[in-house]
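Chain by chain, the residues:
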Amino acid sequence: MDAAHLVARHGGALDRRRLHQLGATDHDLRRALRAGSLDRPRRGWYSTWGERDPRFRAMRVGGRLTGLSAVAAHGGWVLGRHALHVAVPANAARLRSQWRRDVRRADARPDDVVVHWVAPAHDRGSSTGIVDLAEAVELVCRTETAEQAIAVLDWVRRSARLDRIELAALRERLGPLRWLVDASVDNCDSLPESLARTRLRAAGVQVSTQVGFTDGLEQIDLVLEGTVAVEVDGDEFHRDRFEEDRARDLAITRVGLHAVRPSARQVFTRWPEVQAALLRALREHGILVDLHNSGVAQVGRPATRRESAPPGLRARAAPELWRHARAG
């Protein structure tokens, strides 16, 4: 019997007892281990994942991927490098290093693992190595920065990984943090676009997303205060679209907007410069956004504007969304 094929069909990891129940023998398991088609993350467990696969490492620790690690494994929008987040049962014992199953986790610290004691019981017989996505997203909302949580919610909604009923249930469970769900949208196309929208709204700028126009324009990523159009370029989508992007910039200008096109790298690593350029563009259109604080470090506490603007500039009230966020 092909034990590796059997394990793959049942989620990627099975214990010895379950394998025996499905007809695999110890001889089949030894042969698969010698061939390299199976490996053992923990004693009595067999998996088709490679040793560097985060699911394999989470099982070696003693649980399953959760939080940002689970979202990343699903292909979700995660900013930068993060520790391995592992959900383990409340009664878990014999936790191990993510790199060696013969080393206790207590002896392996620091090992870049965050353990969450959340599951009521161990996996029984089989495992996919990842907790339910709704559970992972809820943990992200409770433990990560607001801009990262909103980005994950944007991805969940854009990819339809959770339906409306599941999102409503998640929002209810979050309680005071339900504003994170309200701050997310279902038409965001990328992580840098999500970050830019969230940071600008936190700074008090009114932002419309995926705005449609005539004159050959399909949709504009972000429109600030009805005057500045922001198109966030990412290497994955814009590497071979130079002429098309320039044509879009011309079309944006023809409909009377100011076109600004920061790259994804600039949004990730040079945001203060991007924000300064956008605020200057708004000033050139007679709109003042003069901030007491940047709003970038902590999205949940948005910046406020001055009560009055210098002559010739008009200030607008902060978006209602962020007043709700602050109240929550």
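This text follows the structure it describes.
Keep in mind that this is a model prediction, so the values were computed, not measured.

Trainee: Give a detailed account of the sheet that holds strand β6 (residues 126–127), specifying residues and quantitative values.
Mentor: Strand order in the open sheet formed by 3 strands is β2-β1-β6, with antiparallel pairing between adjacent strands. Sheet topology places β2 (45–47) and β6 at the edges, where each strand pairs with a single neighbour. Pairing of strand β1 (residues 13–15) with β6, which is carried by 2 bridges, proceeds in the antiparallel orientation. Residue pairing in the sheet places L14 in a bridge with S126 of β6.

Trainee: Tell me about the packing of helix α8 (residues 146–159) against helix α11 (residues 191–202), and please be specific about residues and values.
Mentor: In a pair of packed helices, the angle between the axes and the distance between the axes together describe the arrangement. It is at 9 Å that the axes of α8 and α11 come closest, and there the two elements cross at 130°. By the criterion of interaxial angle, the relationship of α8 to α11 is oblique. Crossing hand, α8 versus α11: right-handed. In this structure, α8 contributes E147, I150, A151 and D154 to the contact, and α11 contributes L191, S194, L195, R197, T198 and R199.

Trainee: Provide a residue-level description of the pattern of salt bridges, including the pertinent values.
Mentor: One pass over the structure, following the stated rule, counts 16 salt bridges. With its nearest N and O atoms 3.7 Å apart, the salt bridge here joins D111 to R105. Within the structure, one salt-bridge network assembled from shared partners comprises E138, R142 and R173.

Trainee: Residue-level account of the packing of helix α7 (residues 133–143) against helix α9 (residues 164–174), with values.
Mentor: Contact geometry for α7 and α9: axes closest at 11 Å, N-to-C directions at 35°. Pair α7 / α9 crosses with right-handed handedness. Counted together, A134, V137, E138, C141 and R142 of α7 and L170, R173 and L174 of α9 form the full contact between these two elements. For the contact of α7 with α9, the class distribution of residues is 5 nonpolar, no polar and 3 charged.

Trainee: Account for the nonpolar core, naming residues and giving values.
Mentor: Core analysis: the biggest nonpolar cluster contains 48 residues, and V137, L180, V205, L224, V228, L278 and L282 have the highest contact counts within it. Here the element with the most residues in this core is α8; it accounts for 8 residues. Beyond its immediate stretch of four places on either side in the chain, V137 contacts V152, L153, V156 and L170. One finds V61, A70, A87 and V113 within the second-largest nonpolar core, a separate group that totals 15 residues.

Trainee: Can you break down α11 residue by residue, with the values?
Mentor: Every α-helix carries 3.6 residues per turn, so stepping three or four residues along brings you back to the same face. In a regular helix each residue adds 1.5 Å, so 12 residues correspond to 16 Å; α11 covers 16 Å between its end C-alpha atoms and thus fits that length. With 12 of 12 residues buried, α11 is to be regarded as a mostly interior element. Those residues of α11 not exposed but buried are L191, P192, E193, S194, L195, A196, R197, T198, R199, L200, R201 and A202. For α11, the N-terminal capping position is held by S190, with its side-chain oxygen 3.3 Å away from the main-chain nitrogen of E193. One or two steps after α11, the chain reaches G204, where phi turns positive at roughly 95°.

The rules behind these values
- Residues numbered from 1 in each chain as written.
- Predicted model: local features only at pLDDT ≥ 70, side-chain atom pairs only at ≥ 80, totals over all residues.
- Heavy atoms only, no water.
- Pairing = 2+ DSSP bridges.
- Helix = DSSP H or I, 4+ residues; strand = E, 2+ residues; numbered from the N terminus.
- Axes fitted to C-alpha atoms, helices over the stretch in contact; angles between N-to-C directions.
- Parallel < 35°, antiparallel > 145°, perpendicular 65-115°, else oblique.
- Left-handed = near helix turned anticlockwise from the far one by under 90°.
- Contact = heavy atoms within 4.5 Å.
- Salt bridge = Lys/Arg side-chain N within 4 Å of Asp/Glu carboxyl O.
- Nonpolar A, V, L, I, M, F, W, Y, C, P; charged D, E, K, R; others polar.
- Core = buried A, V, L, I, M, F, W, Y, C linked by side-chain atoms within 4.5 Å.
- Buried < 20%, exposed > 50% of the residue type's maximum accessible area, 1.4 Å probe, protein only.
- Expected span 1.5 Å × (residues − 1).
- Polar contact = N/O pair within 3.5 Å; in protein donor to acceptor, adjacent residues only side chain to side chain.

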